[in-house]
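A structural walkthrough
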Amino acid sequence: MKFPNRWITPDISDDKVIAMSNVLLLISDEHNPFYSSVYGHPAMLTPNMEALASQGTIYTAYCPSPLCMPCRSAFLSGRRVHQIQTYSNCTVNVDRMIPSYGKVLSEQGIHAVTAGKSHVYCATEDLGFTETLAAGEFNAIGDTENRRNPLKIRDNAANRANGFGPDDRTASGDRATVDAAIDWIKNKAPALDRAWVLAVNINNPHFPHVTPQKFWDLYPGGGDLPTHTGDCESANHPRALDLRKHFETDLFHEDQVRGLRRGYRGCVSFVDHQLGRMIMALKQSGCFDETNVIYTSDHGEMLGKFGMWWKCSLYEDSVRIPCIAAGPDHGSGRRNLTLIDLHDVQASIFASTGAERPSDWIGTPLQNLGEAEAFRIVFSEYHGHGARASSFMIRQGDWKYIHHIDAPHQLFNLKEDPDELSNVFDSDSSRAESMEGYLRQICDPAAENKRAENFINKQLEQVERHGSER
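First things first, this report covers the structure right here in the doc. Given the structure is predicted, the values throughout are model-derived calculations rather than measurements.

**With respect to the pairing of strand β14 (residues 377-382)**
Consecutive residues of a regular strand have side chains that alternate between opposite faces of the sheet. With five of six residues buried, β14 lies mostly within the body of the structure. The sheet contact formed by β14 and strand β15 (residues 391-396) spans six bridges and is antiparallel. Note that in β15 the partner of Tyr382 across the bridge is Ser391.

**With respect to the pattern of salt bridges**
According to the stated counting rule, one finds 31 salt bridges in the structure shown. With its nearest N and O atoms 2.9 Å apart, the salt bridge here joins Asp360 to Arg79. Of this pair, Asp360 sits in the loop between α10 (342-353) and β14 while Arg79 sits in the loop between α2 (68-77) and α3 (81-84), placing them 281 residues apart in sequence. Judged by relative accessible area, Asp360 falls into the partly exposed class, the value being 47%. Residue class for Arg79 comes out partly exposed when judged on its relative accessible area of 28%. Here Asp155 ties to Lys152 by a salt bridge, and the two come within 3.4 Å at their closest N and O atoms. The exposure class of Lys152 is partly exposed, given its relative accessible area of 25%. Among the ionic contacts, a cluster of salt bridges with common partners joins Asp143, Glu145, Lys152, Arg154 and Asp155.

**Points about the pairing of strand β4 (residues 56-62)**
For β4, the tally of buried residues reaches seven of seven residues, placing the bulk of the element in the interior. Of the strand pairs in this sheet, β4 and strand β12 (residues 323-326) are connected by three bridges, and their pairing is antiparallel. In the sheet register, Ile58 faces β12, and the bridge partner there is Ile324. Bridge analysis of β4 against strand β13 (residues 334-341) gives six bridges, and the strand direction is parallel. Pairing of Tyr59 across the sheet is with Asn336, part of β13. Where β4 and strand β11 (residues 320-321) come together, two bridges link them in antiparallel fashion. Note that in β11 the partner of Tyr62 across the bridge is Arg320.

**Observations concerning the sheet that holds β15**
Strand order across the open sheet formed by four strands is β14-β15-β16-β17, with antiparallel pairing between neighbours. Edge positions in the sheet fall to β14 and β17 (410-413), since each has one partner strand and no second. Neighbour to neighbour, the strand axes of the sheet diverge by 15° on average, direction disregarded. In this structure, β15 lies alongside strand β16 (residues 399-404), joined through six bridges in antiparallel fashion. When the bridges of β16 are listed, Gln396 appears paired with Trp399. The strands touched by helix α11 (residues 429-442) are β14, β15, β16 and β17; relative to β16, the strand with the most contacts, the crossing angle is about 65°.

**Considering the packing of aromatic side chains**
To describe a pair of aromatic rings, one takes the distance between the centres and the angle between the planes. Within the structure shown, the criterion is met by 16 aromatic pairs. Relative to Tyr264, the ring of Tyr35 lies with its centre 6.0 Å away and its plane at 85°, an arrangement referred to as edge-to-face. Taken together, the positions of Tyr35 in the loop between β3 (22-28) and α1 (47-55) and Tyr264 in helix α8 (residues 254-285) put the pair 229 residues apart, joining distant regions of the chain. Owing to a relative accessible area of 11%, Tyr35 belongs among the buried residues under this scheme. Residue Tyr264 is classed as buried on the basis of its relative accessible area of 0%. Here the aromatic residues Phe207, Phe247, Phe252, Trp309 and Trp310 are joined through ring pairs into a cluster of three or more. For Lys283, the ring lying beneath its charged end belongs to Phe288, and the centroid distance is 5.1 Å. The lysine or arginine in question, Arg320, covers the ring of Tyr62, its NZ or CZ lying 5.6 Å from the ring centre.

The rules behind each value
Residue positions are given per chain, counted from 1 along the sequence in the order it is written. Local features in a predicted model are, by the rule used here, given only for residues with pLDDT of at least 70; side-chain atom pairs are given and counted only at 80 or more, and totals for whole chains, interfaces and linings are based on all residues. Each side-chain value is worked out from all heavy atoms of the structure, with water and hydrogens disregarded. Burial classes: relative accessible area under 20% of the type maximum marks a residue as buried, over 50% as exposed, and values in between as partly exposed (1.4 Å probe, protein chains only). Per the convention used, a helix needs a DSSP run of H or I reaching at least four residues, while a strand needs a run of E reaching at least two, with both numbered from the N terminus. In this description, strands pair whenever DSSP reports at least two bridges between them. Whenever a carboxyl oxygen of Asp or Glu lies within 4 Å of a side-chain nitrogen of Lys or Arg, that contact is scored as a salt bridge. Axis geometry follows a simple rule: fit a line to the C-alpha atoms, using only the stretch in contact for helices, then measure angles between N-to-C directions, giving values from 0 to 180 degrees. We call two residues contacting when some pair of their heavy atoms lies within 4.5 Å. Put simply, two rings from Phe, Tyr or Trp (the six-membered ring, in Trp's case) pair if the centres are within 6.5 Å, and we call them stacked under 30 degrees between planes, edge-to-face over 60, tilted for the rest. Distance and angle both matter: a charge sits over a ring if NZ of Lys or CZ of Arg is within 6 Å of the ring centre and within 35 degrees of the ring normal.

Interpretation note: all reported values are geometric properties and have no functional meaning in isolation.
Here it is, written out as structure tokens:
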């Protein structure tokens, strides 16, 4: 039976009823949440995110790993990156049979749809969703520039600094994905007699920072410069220096930095516009009142802070993501201070649709979290390109601990030092010890580093072997 704001189905086991609603999930790529009006940036124009936030809840959110394929694979599977061994953007020897949340939902009668890029462990069509719209291509090898020792310097990386400017052609792929999603919302969703999930994946604001003219023109003052550059302490940590070398970012010129930062803002506003288009389609289709809308991203973007660009770092600008959730299952006009990650977002999809989630998957539904659970822990990890070894992050309350293999550990009080300028690891040993204890409850960092190293080396050996056979 369909009620005004819910699907109601009987729970045969105990004669209760379970309220079910739909989910529209928009996942962008590489959105640093601090570059949005919702998260406090005074110059960013993101009115649709603001409107969604006014009707819903804003979260302090983190990604499972600050790199596309590891993060997206973890989100799809409900597992940690080190558990499924999707360490980098290289797909060689990665398990193609990992169950996705789309498959689990579909098997329980939920109409699960994915649209656009997936960039995960297998082709989109093999993930088990009920429907696939505008699927992205799957690369059976992926990115192989992830050698750790000696550190791989990415070929012609400095040329990336020219990747900015206005171009109306650049967003055609994302437009096609959103167009397909809108068509589905208007023409298929209203006819369904069961709850549905539509996950829309777009590439913006991922590099290159080229955007349609009208979004470039939103920021006529041009790009600014990062407040904290490559001279400060955090910029010169060995892992930060590795990434700067890998991407050759110390070769970027001031005009390129300004152009990249302006282009990025335009790309974020483009994403905001696509969010608005889909919300309007929900209203036009009559599905809006019974649908939860969630906006998030796979990881952030350093944008020149500490002389670093793109992601691949456990610093806040790289590992933080936006998360705004609105609809019948979420409170209105709230800012929830409880720390969350993408596993919690995935868990909330199951809670909204009434589906049963595998018991060994990680995450707690957003609907079940309190307003400020100070002791809650979030975890992220990085094993990919631009690093000589693995790193692991624990965040609890105001504190953030980064455990590096073969490099100095870092501890930050984000309340007093939100820009992560002062490492207090040596001066607060008891806090550092406590945070490391939380990490070791999740994994053994040295063992996982060795496991990752062996896996990555085997990937590269296979790539080289096949290359020599051609």
